[in-house]
Amino acid sequence: MNAIDKLEQTVEREERFQLATYKKMPVVAERGEGVWVFTSSGDRYLDLYGGHAVAATGHCHPSVVAAIREQSAKLLFYSNLVYSEARAIAAEKLVSIAPASLTKAFFCNSGTEANENAMRMARMATGREHIITFSGGFHGRTADAISATFLGKYREIGKPNVPGHLRAEFGDIESVRAVADESVAAIMLEPIQSMAGVKTAEPSFFRALRGLCDERGIVLIYDEVQTGIGRTGEWFFAGSKASDGVVPDVITLAKALGSGIPVGACLVTDAIASQIKEHDLGTTFGGGMIAMAAVTATLEAIENDGMLANVREVEEYLRRRLKEVEQVVNVHGRGFLLGLEFADKAKPIHEALLERKIITGTSSDPKVLRLLPPLCLRKEEVDIFVEGLSSGFAD
Ligand SMILES: Cc1ncc(COP(=O)(O)O)c(C=O)c1O
């Protein structure tokens with residue numbers, strides 16, 4: 001069978017046997033290397049989307065692959081009922097890069113699960129029920145997380161919703177004050193709202209949230225499933241200048257954390273940790289050895305390859321080059337979580353780029369194209385993107 005027939009067979013098979021929950025790009029991904037994805041027919045795509053912000057270390061980073069390979073030859077899995085060197089090292093490493101007040105990690109398997117556990121911990125720690133989340137925020141698709149998601153139609157999809165969710169307006173502290181009474185356990189937010197179209201808030205908003213939480217005994221949760229693990233050019237949004245130095249009581253993580261091996265985590269303060277007892281939380285697969293080896297290798301790869309500094313430098317270059325493209329009216333976000341705003345719809349631009357073998361993402365804002373590339377993206381590859389973008393407008 002020739003390569004084209006094989007690609008067509010894969011598409012036909014997948015459409016026949018997999019539930020069609022996503023509108024897929026016409027790409028059959030076979031192999032990845034750094035910022036490139038290859039198909040079996042030999043095409044290569046510049047990946048500025050990273051498989052939904054997952055491939056932070058680039059596709060198949062050699063040291064991550066080696067660590068997974070090495071661990072899988074030793075022990076694929078054992079649960080939290082035993083100790084594991086892989087888990088001990090991953091937990092220590094993750095806590096070591098976190099803001100100092102976040103001293104313990106809870107491992108799970110995905111972003112939605114991290115958020116469910118964060119909300120549960122906040123309820124346990126405060127003895128209260130309500131959770132405030134924001135217009136435009138996205139927190140996942142399991143029952144409690146989807147009920148906390150005020151973006152678009154998600155709460156509708158997730159009906160019947162879990163009770164106890166309150167809504168405030170992102171960036172508007174008065175709207176938070178209005179609902180933050182003594183029934184509120186937590187305020188949870190994406191510090192940069194990615195799916196909403198990469199929406200940001202002023203640093204003073206985060207400072208005001210911290211003040212309100214301290215004043216009223218509310219747990220502050222940053223959902224850093226997208227912003228965490230280096231994407232903004234710093235390990236976390238928490239503690240950054242953009243956060244006015246504010247550190248929440250809980251950070252939730254997933255996506256980039258395992259370079260593609262499913263893993264999620266909550267980082268918590270001593271005060272929260274002291275309220276959580278044996279059997280309060282649990283998971284079969286969370287903290288499994290393969291995932292833990294992937295976490296340690298991911299964090300080390302980001303460190304050893306100087307990816308945080310790379311993100312900051314290449315972001316600046318990308319912003320500079322985008323000034324040459326008059327159709328880009330604004331660039332939102334930080335680091336490698338960027339929303340390019342156009343005067344008109346972004347979808348045709350996404351498609352034109354795909355024809356030029358460049359993968360980008362859309363968002364729920366029809367005018368915003370999202371870039372979530374691997375943290376190892378270089379200036380040469382930015383040039384390929386900007387040329388692809390400009391030539392798309394020349395057609
Ligand atoms: C900010 C944010 N939180 C939570 C989630 C849910 O993560 P997962 O799909 O791993 O459950 C996502 C996924 O896109 C996300 O972007």
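My aim in this report is to walk through the structure given alongside it, one point at a time. These numbers were taken from a predicted model, which means no experiment stands behind them.

## Side note on the overall build of the protein
Here is step 1 of the chain: Along the backbone of the protein there are 14 helices and 14 strands.
Here is step 2 of the chain: Along the three orthogonal principal directions, the C-alpha set of the protein runs to about 60 × 50 × 40 Å.
Here is step 3 of the chain: In the protein, which comprises 395 residues, the proportion classed as buried is 53%.
Here is step 4 of the chain: Of the roughly 18000 Å² of accessible surface on the protein, 52% is carried by carbon and sulfur atoms.

## Remarks on the packing of aromatic side chains
Here is step 1 of the chain: Applying the stated criterion across every chain, the model contains ten aromatic pairs.
Here is step 2 of the chain: An aromatic cluster of at least three residues, connected via ring pairs, comprises Phe134, Phe170, Phe205, Phe206, Tyr222 and Phe237.
Here is step 3 of the chain: Between the NZ or CZ atom of arginine 31 and the centre of the ring of phenylalanine 38, over which it lies, the distance is 4.1 Å.
Here is step 4 of the chain: For the cation-ring pair, arginine 44 lies above tryptophan 36, with the distance from its terminal atom to the ring centre recorded as 3.5 Å.

## Quick notes on a nonpolar patch on the surface
Here is step 1 of the chain: A contiguous nonpolar surface patch, about 400 Å² in accessible area, is contributed by Leu75, Tyr78, Leu81 and Val82.
Here is step 2 of the chain: Along the chain, tyrosine 78 turns up in the loop between helix H3 (62–74) and helix H4 (85–97).

## Structural notes on the nonpolar core
Here is step 1 of the chain: With 90 residues, the main nonpolar core has Leu340 and Phe385 as its most contacted residues.
Here is step 2 of the chain: At eight residues, the largest contribution of residues to this core is made by helix H11 (residues 289–304).
Here is step 3 of the chain: Apart from the residues lying within four places of it in its own chain, the contact partners of leucine 340 are Leu322, Val328, Asn330, Val331, Lys367, Val368, Leu369, Leu371, Phe385 and Leu389.

## A few points about the pairing of strand E5 (residues 130–134)
Here is step 1 of the chain: In terms of residue burial, E5 counts as a mostly covered element, since four of its five residues are buried.
Here is step 2 of the chain: As defined by bridge partners, E5 adjoins strand E7 (residues 184–189) across three bridges and the pair is classed as parallel. Among the inter-strand pairings, histidine 130 is bridged to a residue of E7, identified as valine 184.
Here is step 3 of the chain: Summarising the sheet, E5 and strand E6 (residues 165–168) pair through four bridges and their orientation is parallel. Directly across from threonine 133, in E6, lies its bridge partner arginine 167.

## A look at the site of the ligand
Here is step 1 of the chain: Around the ligand sit Ser110, Gly111, Thr112, Asn115, Phe138, His139, Gly140, Glu190, Asp223, Val225, Gln226 and Lys255, and that is every residue in its neighbourhood.
Here is step 2 of the chain: With respect to the ligand, the backbone of threonine 112 contributes an N or O atom lying 2.8 Å from an oxygen atom.
Here is step 3 of the chain: A distance of 3.5 Å separates a nitrogen atom of the ligand from a polar backbone atom of phenylalanine 138.
Here is step 4 of the chain: In isolation the ligand offers 390 Å² of accessible surface; the protein chains occlude 82% of this area.
Here is step 5 of the chain: Take the shell around the ligand: its biggest share by element is three residues, from helix H5 (residues 111–126).
Here is step 6 of the chain: Looking at the shell around the ligand residue by residue, the classes come out as two nonpolar, seven polar and three charged.

## Overview of the pattern of salt bridges
Here is step 1 of the chain: Throughout the structure, instances matching the rule amount to 24 salt bridges.
Here is step 2 of the chain: Residue aspartate 365 pairs with lysine 199 through a salt bridge whose shortest N-O separation is 3.1 Å. Residue aspartate 365 is located in the loop between strand E13 (358–359) and strand E14 (368–371), and its partner lysine 199 is located in the loop between E7 and helix H9 (203–216); the two are separated by 166 residues in the primary sequence.
Here is step 3 of the chain: A residue is classified by how much of its surface remains accessible, and lysine 199, at 33% relative accessible area, is partly exposed.
Here is step 4 of the chain: Across the salt bridge formed by glutamate 215 and arginine 216, the nearest N and O atoms sit 3.3 Å from each other.
Here is step 5 of the chain: For glutamate 215, a relative accessible area of 54% gives the class exposed.
Here is step 6 of the chain: Judged by its relative accessible area of 28%, arginine 216 is partly exposed.
Here is step 7 of the chain: Ionic contacts of the salt-bridge type, sharing partners, join the residues Arg321, Glu324, Asp383 and Glu387 into one network.

## Focus on the sheet that holds strand E9 (residues 250–253)
By definition, the strands of a sheet pair up through backbone hydrogen bonds, in either a parallel or an antiparallel sense.
Here is step 1 of the chain: The mixed open sheet is built from seven strands, whose spatial order is E4-E10-E9-E8-E7-E5-E6. Across the chains shown, the open sheet's two edge strands, defined by having one partner strand only, are strand E4 (102–108) and E6. With strand direction ignored, the average angle separating the axes of adjacent strands in the sheet is 25°.
Here is step 2 of the chain: Two strands pair when backbone bridges link them, and E9 and strand E10 (residues 264–269) are joined in this way by four bridges, in the antiparallel orientation. Across the sheet, leucine 253 pairs through a bridge with alanine 265, a residue of E10.
Here is step 3 of the chain: Packing of H9 onto the sheet brings it into contact with E5, E7 and strand E8 (219–223), and relative to E7 it is tilted by some 165°.

What counts and what doesn't
- Residues numbered from 1 in each chain as written.
- Predicted model: local features only at pLDDT ≥ 70, side-chain atom pairs only at ≥ 80, totals over all residues.
- Heavy atoms only, no water.
- Helix = DSSP H or I, 4+ residues; strand = E, 2+ residues; numbered from the N terminus.
- Buried < 20%, exposed > 50% of the residue type's maximum accessible area, 1.4 Å probe, protein only.
- Areas by Shrake-Rupley, 256 points an atom, 1.4 Å probe, with all protein chains shown as cover.
- Phe/Tyr/Trp six-rings, centres within 6.5 Å; stacked < 30°, edge-to-face > 60°.
- Lys NZ or Arg CZ within 6 Å of the ring centre and 35° of its normal.
- Patch = residues over 30% accessible without salt bridge, like charges linked within 9 Å, V, L, I, M, F, W, Y side chains within 5 Å.
- Salt bridge = Lys/Arg side-chain N within 4 Å of Asp/Glu carboxyl O.
- Core = buried A, V, L, I, M, F, W, Y, C linked by side-chain atoms within 4.5 Å.
- Contact = heavy atoms within 4.5 Å.
- Pairing = 2+ DSSP bridges.
- Near = heavy atom within 4 Å.
- Polar contact = N/O pair within 3.5 Å; in protein donor to acceptor, adjacent residues only side chain to side chain.
- Nonpolar A, V, L, I, M, F, W, Y, C, P; charged D, E, K, R; others polar.
- Axes fitted to C-alpha atoms, helices over the stretch in contact; angles between N-to-C directions.

All we've got here are geometric facts, nothing functional implied.
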